[in-house]
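# An overview of the molecular structure
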Amino acid sequence: LPLLLEATLLRLASGSHHPFYNGFYYNHIMNDKGKGQEKVVYFNGAKLVVETSKDPIYSSSGANVTLPCHYHYEPNLEAKRKIRIKWSKLRDDYTKEQDVLVAIGKTYMAFGDFQGRAHLRQAGRREASLVVSDVRLQDDGKYRCEVIDGLEDESDVVDLRLQGIVFPYQPPRGQYRLNFHEAKRVCQEQGAVLATFNQLFQAWSEGLDWCNAGWLADGTVQYPIRLPRKPCGGLHLAPGIRSYGPRHRHLHRFDAFCFSSALRGEVFYLDQPAGMTLEEAKQSCQDAGAEIAQVGQLYSAWKFLGLDRCDAGWLADGSVRYPITKPRANCGPAEPGVRSFGFPSKGRFGVFCYKER
């Protein structure tokens, strides 16, 4: 009989005296049919348990973070065992998990973007915690800690959340001009990544209200509404995240919701008496040992560093914006925020520069 059917029959036929483990009886289920002899595998009867943090682990871009994971046996086993540990990252669109790291004993291998940044912390007995250095925006998400002991395989999931800010983005060409791949690229060009649903939901809970639909990292199109109104789903709908669901990633076009985290450097403002063109603004930043700031960097400086400047300045994408943390007369609306002048083809303004610390 096939292995699964045979195991099921054993469960039905077995009494309480048989060893029980994780819902299956394991003795007498592995047979060597080729040699005509039964191959019996016996287990110690101990249950393997893997535990991670039930609460999210918070970090920020450029920091180091530890994702806790421990395992034990019930009842306890004192003998040392050869354990294989695997960490993987769950994707937002529920496709194949991304390999992060595998380890046997002290030997481990990290994969992809995690090479040189990920290793195990095994300070305590039966610890399998993952340490990620130089955290990046795309590291945000859920991670699976998997422990393999022979035929036993148990896992648990921990959530890594970056402290950051979500901002809507339209390109210079105007509203609803981006397919999914273009939205992903323009966010990266602005020092950000496409936001996840959890990040958008957090931004909505903190007050984000935006009536234009935008791409998220999982390929869905959604938008956050705090104040219901007719053009934004109707007055009859409660506040919340409006969803168009998954859209065609090549054919359909919307705006983007980008996510940026804390900065490693600083954003500062430069000006000249007569203002500057965009090209002159870029050169001024270079002369100051910096580079013209990206939109995501300006939002992060506003959110995390309290940048407040009632003077419009160029940014790298050709837009003109300014950040206000303390609303006042002649500085836009009564709420804090990053104000936008759009993408002027003419005009002379100051510039926001970014410099690494």
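Below: a short report on this structure. (Residues numbered from 1 in each chain as written. Predicted model: local features only at pLDDT ≥ 70, side-chain atom pairs only at ≥ 80, totals over all residues. Heavy atoms only, no water.)

### A short note on the nonpolar core
In plain terms, the rule: The definition of a nonpolar core used throughout is a set of buried Ala, Val, Leu, Ile, Met, Phe, Trp, Tyr and Cys residues joined through side-chain atoms within 4.5 Å. A 1.4 Å probe rolled over the protein chains alone gives each residue an accessible area, and that area as a share of the maximum for its type sets the label: buried under 20%, exposed over 50%, partly exposed in between. Segments assigned H or I by DSSP are reported as helices when at least four residues long, segments assigned E as strands when at least two residues long, and all are numbered from the N terminus. Residues are treated as being in contact if the distance between any of their heavy atoms lies within 4.5 Å.
Membership of the largest hydrophobic core comes to 88 residues, with the highest contact counts inside it found for L67, W87, L130, Y143, V267 and F352. Looking at this core, the element that brings in the most residues is helix α5 (residues 295-304), giving 5 residues. Apart from the residues within four sequence positions on either side, V267 is in contact with A293, Q297, L298, A301, L307, F352, C353 and Y354.

### Some points on the packing of aromatic side chains
What counts here: Here is the rule: rings of Phe, Tyr and Trp (six-membered ring for Trp) pair when centre to centre is within 6.5 Å. Planes less than 30 degrees apart are stacked, more than 60 are edge-to-face, and the remainder are tilted. A ring has a charge above it when a Lys NZ or an Arg CZ is no more than 6 Å from the ring centre and no more than 35 degrees off the ring normal.
What the rule picks out here adds up to 14 aromatic pairs. Measuring from ring centre to ring centre gives 6.5 Å for Y299 and W302, while their planes differ by 90°; the resulting arrangement is edge-to-face. Of this pair, Y299 and W302 both sit in helix α5, 3 residues apart, which is roughly one turn of the helix. Taken individually, Y299 and W302 each receive the classification buried, so the pair is uniform in this respect. Measuring from centroid to centroid gives 6.2 Å for F341 and F349, while their planes differ by 65°, and the two rings are edge-to-face. On the basis of relative accessibility, which here comes to 49%, the residue F341 falls in the partly exposed class. For R226, the ring lying beneath its charged end belongs to W204, and the centroid distance is 5.4 Å. Its end group placed over the ring of F180, R249 keeps NZ or CZ at 4.3 Å from the ring centre.

### Examining the sheet that holds strand β6 (residues 98-104)
Under the convention used in this document: For two strands to be treated as a pair, DSSP must find no fewer than two bridges joining them. In this analysis, axes come from line fits to C-alpha atoms, helices being fitted only over the stretch in contact, and the angle between any two N-to-C directions falls in the range 0 to 180 degrees.
Pairing is mixed across the open sheet formed by 6 strands, whose spatial order is β2-β11-β10-β5-β6-β7. In this open sheet, the two strands that pair with only one neighbour each are β2 (57-59) and β7 (107-110). Within this sheet the neighbouring strands show an average axis-to-axis angle of 20°, counted without direction. By the bridge criterion, 3 bridges tie β2 to strand β11 (residues 152-162) in an arrangement that is parallel. Of the residues in β11, the one forming a bridge with S59 is L162.

### A closer look at helix α2 (residues 180-189)
Defined as follows: Note: the arc covers the axis-to-C-beta directions of the helix. Throughout this description, a polar contact denotes any pair of N or O atoms lying within 3.5 Å of each other; where both atoms belong to protein, one of them has to be capable of donating a hydrogen while the other can accept it, and for residues adjacent in sequence the pair is counted only when both atoms sit in side chains.
Those residues of α2 not exposed but buried are F180, E182, A183, V186 and C187. Considered in projection along α2, the buried side chains sweep an arc of 160° and stay on one side of the axis. Buried residues along α2 sit against β12 (164-169), β13 (193-194), β14 (214-215) and β17 (255-261). Here α2 starts with a cap whose side-chain oxygen sits 3.1 Å from the backbone nitrogen of H181, and that cap is N179.

### Some remarks on unusual backbone geometry
Here E74 and P75 are connected by a cis peptide whose omega angle stands at -5°. Residue position: P75 is located in the loop between β4 (69-74) and β5 (84-89). Backbone geometry places N330, a non-glycine residue, at a positive phi of 70°. Within the secondary structure, N330 is located in the loop between β21 (320-324) and β22 (337-340).

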